[in-house]
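Single-letter residue listing:
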Amino acid sequence: MEIEIVKELIASFKEAELTSLSLKCEDFELNLGKEVNVVNVAGNYGGVSMPLQVPQATVAQAESEISSSESELSANKKYIKSPIVGTFYAASSPNGKPFVEVGSRVKKGDVVCVVEAMKLMNEVEAEEDGEILEILVTNEEMVEYGQPLFVIG
């Protein structure tokens, strides 16, 4: 393998968010790795409490996005927020009817969506009675912890 190609691979690896890379071609083998600062995050996932190791940059980015989102939120609006990081689903199955739509009346405890995290489906419930005024995310969108999903009034 030519040295220029190896140099390009190393440069690309440094810029990528990968933590390891292994490449084997005929009689050439290349193993690259990065040390990643991690933060232990404890969470409640589907009723099971477990620690997770999350890259520190990811935690800082999520905190930044959450704080900027919160600053944009109006004080007089109420929100149903995601309790975890995961994938938002508006219905219980791909062809199913959405749990709620704009204009739907919900009562405290009603399921409004599902957030999938680590292959576990977590039902998100309304924390108070009200009407769904706006849906802030789309089906199958990745959501962050604390991200507003619905405006409720």
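Reading the values: rules and limits
- Residues numbered from 1 in each chain as written.
- Predicted model: local features only at pLDDT ≥ 70, side-chain atom pairs only at ≥ 80, totals over all residues.
- Heavy atoms only, no water.
- Helix = DSSP H or I, 4+ residues; strand = E, 2+ residues; numbered from the N terminus.
- Buried < 20%, exposed > 50% of the residue type's maximum accessible area, 1.4 Å probe, protein only.
- Contact = heavy atoms within 4.5 Å.
- Areas by Shrake-Rupley, 256 points an atom, 1.4 Å probe, with all protein chains shown as cover.
- Salt bridge = Lys/Arg side-chain N within 4 Å of Asp/Glu carboxyl O.
- Pairing = 2+ DSSP bridges.
- Patch = residues over 30% accessible without salt bridge, like charges linked within 9 Å, V, L, I, M, F, W, Y side chains within 5 Å.
- Core = buried A, V, L, I, M, F, W, Y, C linked by side-chain atoms within 4.5 Å.

Student: How should the overall build of the chain be read in this particular structure?
Tutor: For the chain, the count of helices and strands is 2 helices and 12 strands. When the elements of the chain are put in sequence order from the N terminus, they spell out α-β-β-β-β-α-β-β-β-β-β-β-β-β. Counting only residues that meet the buried cut, the chain has 26% of its 153 residues in that class. Across the chain, every contact between residues at least 6 apart in sequence was considered, and the portion connecting residues at least 24 apart equals 47%. When the accessible surface of the chain is split by element, carbon and sulfur atoms take 49% of a total near 10,600 Å².

Student: Honestly, the pattern of salt bridges in this entry has me stumped. Any pointers?
Tutor: Side-chain pairing between opposite charges can occur once the charged atoms of the two side chains come close. For the structure on display, the rule yields 2 salt bridges. The salt bridge partner of Glu128 is Lys78, with a shortest N-O separation of 3.4 Å. Within this pair, whereas Glu128 is found in the loop between β9 (120-125) and β10 (130-135), its partner Lys78 is found in strand β5 (residues 78-81), the two being separated by 50 residues in sequence. Arg105 is the partner of Glu131 in a salt bridge, and the nearest nitrogen-oxygen pair spans 3.8 Å. One end of the pair, Glu131, is in strand β10; the other, Arg105, is in strand β7 (residues 105-106), with 26 residues separating them in the sequence.

Student: Would you mind showing me how to read the environment of Lys14 here?
Tutor: As for its placement among the helices and strands, Lys14 is situated in helix α1 (residues 3-15). Here Lys14 falls in the exposed class, since its relative accessible area comes to 63%. In the structure, Lys14 is positioned 19 residues away from Gly33 in sequence and 9.4 Å away in space, judged by C-alpha atoms.

Student: Please explain the pairing of β10 as it appears in this structure.
Tutor: By the bridge criterion, 2 bridges tie β7 to β10 in an arrangement that is antiparallel. Bridging across to β10, Val106 finds its partner in Gly130. Sheet topology note: the β10/strand β12 (residues 148-152) ladder contains 3 bridges and is antiparallel. Counted as the bridge partner of Ile135 is Phe150 from β12.

Student: Explanation requested: a nonpolar patch on the surface in the structure shown.
Tutor: A surface patch of nonpolar side chains, about 330 Å² in accessible area, is lined by Val85, Met142 and Tyr145. You can see Val85 is positioned in the loop between β5 and β6 (86-89).

Student: I tried to follow the sheet that holds β6 on my own but got confused; where do I start?
Tutor: In a beta sheet, neighbouring strands pair by backbone hydrogen bonds and run either parallel or antiparallel. Read from one edge of the open sheet, 4 strands run β9-β8-β6-β11, paired in antiparallel fashion. For this open sheet the edge positions go to β9 and β11 (142-143), each flanked by a neighbour on one side alone. Pairing analysis gives 3 bridges linking β6 to strand β8 (residues 111-117), with the strands arranged antiparallel. Paired with Thr87 across the two strands is Glu116, which belongs to β8.

Student: Teacher, can you tell me more about the nonpolar core here?
Tutor: Core analysis: the largest hydrophobic core is formed by 17 residues, its most contacted members being Ile80, Phe88, Val106, Val112, Cys113, Leu149 and Phe150. Those elements giving two or more residues to this core turn out to be β8 and β12. With 4 residues, β8 is the single largest residue contributor to this core. Setting aside anything within four residues of it in sequence, one finds Phe150 in contact with Lys78, Tyr79, Ile80, Phe88, Val100, Val112, Cys113, Ile132, Glu134, Ile135 and Leu136.

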